[in-house]
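Examination of the molecular architecture
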Amino acid sequence: MGKKEILEKFSADPERYYKVRLFEEKGFERKSCATCHRYFWTMGENRTNCPDHSDDTYSFIGNPPTKKRFDYTQAWKEVESFFVKNGHTSVSRYPVVCRWRDDLYFTIASIVDFQRVMGSKVVFEFPANPLVVPQTCLRFKDLENVGVTGKHFSSFCMIGQHSIPNDHGYWKDKCVDLDYRLVTEQFGVDKNEVVFVEDVWEGGGSFGSSLEFFVKGVELGNAVFTEFQGDLSSYKTLDQKIIDMGAGLERFAWITMGTPTAYDCCFGPITGNLVQQAGIDANSELLVRYFTEIAKNLNRFVDLSEVRKNASKSAGISEEQIKKTIIPLEGIYLIVDHIRTLIFAISDGALPSNVGGGYNLRIMLRRIISTMDRLALKFDMNEIIDAQIDYLKNTYPELEKTRKDVKTIIEIESGRYKNSKLRMQKIASKLNQKPTVDDLIRLYESDGVTPDYLKEMNVISEIPSTFYTKLSELHQSKKSEKQEHIPLEGLAETELLYYDKDPKEFDAKVLKSFDKYVVLDRTSFYARGGGQEPDHGKIAGFDVVDVNKHGNIVVHELKGGIPKEGETVSCVVDSKRREGITKHHTSTHILNSSSRNVLGSWVWQHSAFKEEDHARLDITHHSALTDEEVSKIEELANAKVKENIPVTIQNFDRGTAEQKYGFRIYQGGIVPVKSVRIVSIEDFDIEACGGTHVKSTKDVELIKITRTKRIQDGVVRLEFVAGKTAQEYVKKHEAELTKASAEQTAKEQRDKLREERKEQAREKILDLLRQFYEMDVKALRDNKFHLVVDKSRKFVFTTNDQFDEYFHINFGKELVKQDPRIVYCGIFDEGEKVRIIIHAGEEASKNKKAGDIAKAVSQILGGSGGGNPEFAQGGGSDKSKKDEAINKAKSMVLG
Ligand SMILES: [Zn+2]
Ligand SMILES: [Zn+2]
């Protein structure tokens, strides 16, 4: 079913689908566009074309159709006060990071705020009816248009006007009436300027008619009336019809200000200040001409460069003016837009990275830096962030709290980009031919080289218009996991005993048993879920090895056999295992909040795993953790354990829980049920969680982080133990520490002894040299020195065990200096080995080289040795051959 067919059907019956009370009362006329034949409703008598094909398109630029001027934040105040005085509740915006939907990273429309997925169905939950919300929405598929077209943003405020027709809410008539009065009464647009165009909307299995409203060719909003379910061949009216009117706040501000672009009035004074700072001559008459032409040409060409070429031609703008004014302005527009988006995304807990939704944030920050570099704009990023938050906090006061965190993240991420520039430069310099869109995507995905960088480096002149669309399609939605199919049709939901009395021994009836699986009518076995591992134990005497939930049915996997269907069986849960798992689960909550307190507001649980004797928590964080950070997290966690804070569990209606605690409760992901189980450790940690928990924090005894690791870009893993395991870990760790310190002491003592011996040896060396000089034979013999003389050859050796390597090296050296005819040989034990050191005096070495002697002698000792003619060493392991070794040396010297 296509939109075209639905539109044809609805437009064939305008009385039923489009004609609202307002059109009747005010005398709106229904016309068909002379160019495209679309139907529209107007009070303007001379209007023959739809807004897309009218001559007055974008004529508000430089000539706004209202007397009042409202910039961005003022425009919201006008919208809000209008709807509030007309019975609407003004609701604060929802996070831009869409924590309550599995299929979206970011909030893309105001209606998404109220959509909750239950199985394959989308249900709507409104905190009030009717309501209005200033919802910041992020959209990345038109990124290349941002800054260029005058009206495209990477994030914008969607004014969401939502209503369910019932005692409080309204349907089409009142909706269109309100929208018309908002534009005419509140904003002061002439009634003849408002045009409603017939359209339809379809998605998610439902559809309905819609009326888009335009002023001067600009679509201000679209009122969608979601009314039917199914498709054209077979559909029925929805039980819950919904009005989904979304309007662009940026457009409302722009049309009353009449500035050349929407960027000039939607960032308060920031754009103007930057233009001034950059010294750009922003001749407003020229800009009005150029951007009006851009707006007109946007519908005519697909390719953005064609749009620009034609616009500058029709506006009569020279190359010089494009270069000096338009290009730098486009850069400034891009910078202010992208920074605003990053502020919202980071404030709501998203981090730039190379995975998931973080992709878009990283690429935007890199665009900002590349653009500044390319245009030599020297802006202070922190100043722009401050100015934006100062301006936005009027509408979004919550941004104040994350001001510092936003700056931290942007600084870290900018630093990373600058560090990778050298590598990017190398890659860019190797590109010789024009890269295709796929090449560009690959370059970014695998090497982090952005097309904006290539533009900055003049490798490409333009970024292909499909690049960002393609990239954002690749990274838009998350994949959901598939579960293996187990035949459970017709079985009743399992009664879950672990949420109530939680008996560790119970009887239950076998509803189904097949292969190795058993389904009971009730169970106290916790089924794997939320990162908590399943219980083990026994069912009818068989070991329970795994437990999983399939929908609301718990399936137990047994080992060794299965009971018969219809039997009543006795079941025992392994309570020791459960206790260990439970302690680790509560500890995960404590560590999660401790990490956020220590590191920053961007910390969210990415995933978690809790076993009997260990657990891990993956958190979103930009860098690997330092030892100091780890200790701080651990200290805070254990302080909370000591405080013995009660862990309370309460069930809430999902909408109530979200309003009361915010979306922080979704640490473990979305909750696909209407009633959420809130686990709170006072206000330190509040999470929606289906796991088992201790009664009070002291029950977890102790939390020890055993290891941390950066497991992917933007995600850090904390491995930890709690309870008994933590106590044992600490004991073992302490024993290890004691052992290590004993080893250290022993080593220190050995070193000290060696030093002392060295000191003694030094004195001894002098003493012995004197004895040799004086040929004090008795003293030499007492020191176990042997001197063998044959003609002019002299061989001196000692086997005195008191001498070590240090002694022999230094003594021998001096001795042969004193008498160059001597060959000196010191032989000594060193642990399991026997070592030998040989010095040959200058003259003696001419006869026999020290190296040769060491080699031969070592062979006898069962080892190896060698050196130069005057000094050599060696040894072996055969201590019994010492005498033989000495004799060999002697005979070599004297023989
Ligand atoms: Zn038309
Ligand atoms: Zn939990």
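Our subject in this report is the structure included herewith. (Residues numbered from 1 in each chain as written. Chains lettered and ligands numbered in written order. Predicted model: local features only at pLDDT ≥ 70, side-chain atom pairs only at ≥ 80, totals over all residues. Heavy atoms only, no water.)

Quick look at the overall build of the chain
Assigned secondary structure in the chain consists of 26 helices and 32 strands. For 895 residues, the compact-globule estimate of 2.2 N^0.38 gives 29 Å, and the chain exceeds it by more than 25% at 41 Å. A buried classification covers 53% of the 895 residues belonging to the chain. The contacts of the chain with a sequence gap of at least 6 include a subset with a gap of at least 24, amounting to 66%. As displayed, the chain offers around 40,900 Å² of accessible surface, 47% of which is attributable to carbon and sulfur atoms. In the chain, the 130 positive side-chain charges and the 136 negative ones have mean positions that sit 4 Å from each other. (Helix = DSSP H or I, 4+ residues; strand = E, 2+ residues; numbered from the N terminus. Rg over C-alpha atoms; globule rule 2.2 N^0.38 Å. Buried < 20%, exposed > 50% of the residue type's maximum accessible area, 1.4 Å probe, protein only. Contact = heavy atoms within 4.5 Å. Areas by Shrake-Rupley, 256 points an atom, 1.4 Å probe, with all protein chains shown as cover. Lys, Arg positive; Asp, Glu negative; His and termini not counted. Charge placed at Lys NZ, Arg CZ, Asp CG, Glu CD.)

Brief notes about the coordination of the zinc ion (ligand 2)
Coordination angles at a metal have ideal targets, namely 109.5 degrees for four tetrahedral donors and 90 or 180 degrees for six octahedral donors. Here the zinc ion (ligand 2) is held by the protein donor atoms His585 (NE2), His589 (NE2) and Cys689 (SG), which lie 2.1 to 2.3 Å from it. Spacing between the donor residues of the zinc ion (ligand 2) along their common chain follows H-x3-H-x99-C. With a gap of 104 residues between them, histidine 585 in helix α18 (residues 575-599) and cysteine 689 in the loop between β24 (685-688) and β25 (703-712) connect regions that are remote in the sequence. Given a relative accessible area of 12%, cysteine 689 falls into the buried group. (Donors = N, O, S within 2.8 Å, 3.2 Å for Na, K, Ca; no water.)

A closer look at the sheet that holds strand β13 (residues 505-514)
Pairing between sheet strands relies on hydrogen bonds along the backbone, with the strands arranged either parallel or antiparallel. With antiparallel pairing, the six strands of this closed barrel are ordered in space as β13-β14-β18-β17-β16-β19. Averaged over all adjacent pairs, the angle separating strand axes in this sheet is 45°, with direction ignored. (Pairing = 2+ DSSP bridges. Axes fitted to C-alpha atoms, helices over the stretch in contact; angles between N-to-C directions.)

Quick look at the packing of aromatic side chains
Considering all chains together, one arrives at 48 aromatic pairs under this definition. Measuring from ring centre to ring centre gives 5.7 Å for phenylalanine 28 and tyrosine 180, while their planes differ by 80°; the resulting arrangement is edge-to-face. Of the two residues, phenylalanine 28 is situated in the loop between α3 (21-26) and β1 (29-32) and tyrosine 180 in helix α5 (residues 172-186); the sequence distance between them amounts to 152 residues. Comparing phenylalanine 28 with tyrosine 180, the two get one shared label, buried. The interplanar angle of 65° and the centroid separation of 5.2 Å between the aromatic rings of phenylalanine 153 and tyrosine 263 together place this pair among those described as edge-to-face. With phenylalanine 153 in the loop between β6 (131-138) and β7 (155-163) and tyrosine 263 in the loop between α6 (249-257) and α7 (270-277), this pair connects stretches of sequence that are 110 residues apart. Of the two residues examined, phenylalanine 153 and tyrosine 263, each falls in the buried class. (Phe/Tyr/Trp six-rings, centres within 6.5 Å; stacked < 30°, edge-to-face > 60°.)

Examining helix α20 (residues 654-661)
An α-helix turns once every 3.6 residues. As a result, residues three or four positions apart point the same way. Considered for burial, the residues of α20 that qualify are Arg654, Ala657 and Glu658. Here the buried residues of α20 occupy an arc of 100° about the axis, which is enough to place them on one side. Residues of α20 that are buried in the fold lie against β4 (115-118), β5 (121-124), β22 (647-653) and β23 (675-681). (Arc of directions from axis to C-beta.)

Examining the pairing of strand β32 (residues 871-876)
Taken together, the six bridges between strand β30 (residues 833-840) and β32 define a ladder with antiparallel strand orientation. Residue pairing for β32: histidine 839 is matched across the bridge by phenylalanine 871. Between strand β31 (residues 864-867) and β32, which pair antiparallel and follow one another directly, the connecting turn spans three residues.

Details of α5
The terminal C-alpha atoms of α5, which comprises 15 residues, lie 20 Å apart, in line with the 21 Å expected from a rise of 1.5 Å per residue. Of all 15 residues that make up α5, 11 are buried, and the element is covered over most of its length. Those residues of α5 that fall on the buried side of the exposure criterion are Lys172, Cys175, Val176, Asp177, Leu178, Asp179, Tyr180, Leu182, Val183, Thr184 and Gln186. Positive phi appears at glycine 188, one or two residues downstream of α5, with a value of about 80°. (Expected span 1.5 Å × (residues − 1).)

Function-wise, these values are silent; they only describe arrangement.
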